[in-house]
Amino acid sequence: MIIEWKKRDDCWTNIGSPGLVREQKLRGCLETRRPVLLDLSGHKKTVCGCCGKIHWSHYDKKVRRVRDLSCGDARIYLEVEVRRVLCRKCGNVKREKLEWLADNPFYTKRIAYSVGRKCRTMTVKDVAKEFNLDWDTVKTLDKEYMKKQLLRYPVAAPRVIGIDEISIRKGHTYRIVVSDLERGRPIWFGGKDRSKESLDIFYQWLGATRENEFHAAILYDKFHVMRHLGEALDKVRKMEYARLSGKERSYIKGQKYTLLSNRENLTLDGRKALKKLLMANKRLNTAYLLRESFGQLWSYKTGGWSRKFFDNWKESLKWQRLKPYEKFAEMIEKHWDGIAAYSRPENKVPLGFVEGLNNKIRVIQRRAYGLRDEEYLRLKILTCMLPEI
C-alpha cells in the first residue's frame with residue numbers, strides 16, 4: 001500500500017494528525033490505498049526464470065499484485081507487469097526472473113527477509129499475526145531466508161568437529177548434529193538414529209567412507225566423563241544409605257546434590273553439611289576424594305604422564321570395595337585413546353560449544369512447541385549461529 005500524502009500548513013506530522021490529508025481513492029479491492037504501477041513496457045531484456053537465458057522479446061505479460069515491506073501499520077502492495085517468455089533453451093513458456101521478488105512471486109525479498117529475521121526470535125504464529133500473513137506463508141518465507149543464509153555463508157572444510165545427538169520427538173527418535181568447533185557453527189544435521197551407520201552418512205557427505213580415512217584423533221570431552229564419575233559416586237551414596245540405619249543414615253539423607261556439586265559452588269551451609277557427611281562416612285569420603293582427584297587427568301600435556309596418573313588412580317581403588325568406581329575405570333580403559341588424545345597440545349580445543357548448541361536447539365524446539373517438519377528443524381539448527389542478512 002502506497003499512501004499519497006499532501007502537505008498542509010507547511011508541516012509534516014504523523015499518521016492521523018490534522019496536518020495531513022490522505023488520498024482515499026480505491027483501485028480494485030484495495031481499501032484507502034493507491035497502488036504504484038511499475039511500467040515495464042518498452043525495450044527491456046527478459047530473463048528466463050528457469051535457465052537464466054536472456055531474451056529481447058516476451059510471450060505475454062500480466063499485472064500482478066506483490067506484497068512489500070510494510071510502512072508502520074500500513075501494508076504496502078505493488079502492482080507490476082510480469083512477463084512470460086518462450087525460452088528456446090528450456091523449450092517451454094517460463095516466467096521471467098525478477099531479482100527483487102522472493103521464490104513466492106507474490107512477495108518481495110524485502111518482506112521475506114524481514115519475516116526471516118523476525119522468525120529467529122519469535123514463533124511462526126506470532127510473526128504471522130504481526131505481518132497479517134498466513135502461517136504457511138510465513139514458514140515458506142522463513143525457509144527461503146534460511147536457505148539464503150546458507151548460500152551466503154557456505155561450510156568451509158572443518159579441522160575440529162564436535163558430534164552429538166539430539167532427540168527430535170518422543171519415542172527415542174534421534175538425529176546427529178555435527179559442529180565446527182573452531183568457527184562455532186553447526187555444519188551437518190541428519191541420520192536416522194544415533195548409530196554408527198547414521199554417522200557414516202556424514203562421512204560420505206564430508207568426502208570419505210570411514211572415519212579412519214581422515215586420520216583424525218577422537219576426543220571424549222571432560223564434561224561427559226566426569227558425569228559418568230558423578231553417577232558412580234551417587235551409586236556409592238545409595239549403597240551406603242541402604243547399608244546403614246539409624247543416626248548414621250541421617251547424615252546421608254537429602255545430601256545428594258551437596259555431594260555431587262563442586263566444592264567452590266557450595267554455600268557456607270552446604271560446605272558445613274559436606275564436611276559433616278564426609279566425617280561421618282569413611283567410604284563416601286574416599287569416593288569423594290577419588291572423584292575430586294580424577295579431574296587432574298586433563299591437566300597433563302603428554303600421554304605418558306596422563307597414563308601414569310590413571311594407573312595410580314586405578315591402583316588406589318584396591319581394597320576400597322567401590323564397585324561403581326571399578327566399572328567406571330573399566331569404561332575409561334576401554335575408551336582411553338579418545339581421553340588421552342586430549343593431552344596433546346594440538347588437541348586442546350574447547351568442547352563446551354557442543355553442549356551450548358544443544359541448549360540452543362532445545363530452546364528452538366520449546367519455542368515452537370516441537371517441530372514436526374524435519375527439514376524446517378534442520379534449517380533452524382544450521383542457521384542458528386549465522387549472522388543475519
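For the structure itself, look to the data block above.
Throughout what follows, the structure given in this document is the object of discussion.

The rules behind the values
Residues numbered from 1 in each chain as written. Predicted model: local features only at pLDDT ≥ 70, side-chain atom pairs only at ≥ 80, totals over all residues. Heavy atoms only, no water. Helix = DSSP H or I, 4+ residues; strand = E, 2+ residues; numbered from the N terminus. Buried < 20%, exposed > 50% of the residue type's maximum accessible area, 1.4 Å probe, protein only. Contact = heavy atoms within 4.5 Å. Areas by Shrake-Rupley, 256 points an atom, 1.4 Å probe, with all protein chains shown as cover. Phe/Tyr/Trp six-rings, centres within 6.5 Å; stacked < 30°, edge-to-face > 60°. Lys NZ or Arg CZ within 6 Å of the ring centre and 35° of its normal. 1 Å grid on protein atoms, 1.4 Å probe; cavity = no way out; pocket = protein on both sides within 12 Å on 5 of 7 lines; lining within 4 Å. Points joined across faces, edges and corners; volume = space filled by probe spheres on them. Nonpolar A, V, L, I, M, F, W, Y, C, P; charged D, E, K, R; others polar. Expected span 1.5 Å × (residues − 1). Polar contact = N/O pair within 3.5 Å; in protein donor to acceptor, adjacent residues only side chain to side chain.

The next point concerns the overall build of the protein chain. When you go through the protein chain residue by residue, the secondary structure sums to 14 helices and 11 strands. The 389 residues of the protein chain split such that 39% are buried. Partitioning the contacts of the protein chain with sequence separation of at least 6, the portion at a separation of at least 24 is 56%. For the protein chain, the accessible area works out to roughly 23900 Å², and carbon and sulfur atoms hold 51% of it.

Here the focus is the packing of aromatic side chains. The final tally for this structure, using the stated rule, is 13 aromatic pairs. Judged by centre distance (5.3 Å) and plane angle (75 degrees), the ring pair of F294 and F328 falls under edge-to-face. Here the residue F294 occupies a position in helix 9 (residues 282-294), and F328 occupies one in helix 11 (residues 323-334), the gap between them amounting to 34 residues. Assessed through its relative accessible area of 4%, F328 is described here as buried. Ring-pair connections join several aromatic residues into one group, and the members of that group are F294, W298, F310, W313, Y325, F328 and W336. The ring centre of Y174 lies 4.0 Å from the NZ or CZ of R194, which sits over that ring. One residue, R307, lies across the ring of W336, its end atom 5.0 Å from the ring centre.

This next bit is on empty space enclosed by the protein. Counted according to the given criterion, the structure contains 1 cavity of 30 Å³ or more. Estimates place the volume of the largest cavity at around 30 Å³. Together, L297, W298, S306, I339, A340, Y342 and S343 line the largest cavity. Taken together, the residues of the lining of the largest cavity sort by class into 5 nonpolar, 2 polar and no charged.

Residue pairs three or four apart in sequence face the same way in an α-helix, which turns once every 3.6 residues. Given a rise of 1.5 Å per residue, 13 residues ought to cover 18 Å, and the 19 Å separating the end C-alpha atoms of helix 9 matches this to within 8%. Along helix 9, the residues that are buried comprise R283, L284, T286, A287, Y288, L290, R291 and F294. Regarding helix 9, its N-cap is N281, as a side-chain oxygen of that residue lies 3.2 Å from the backbone nitrogen of R283 further along.

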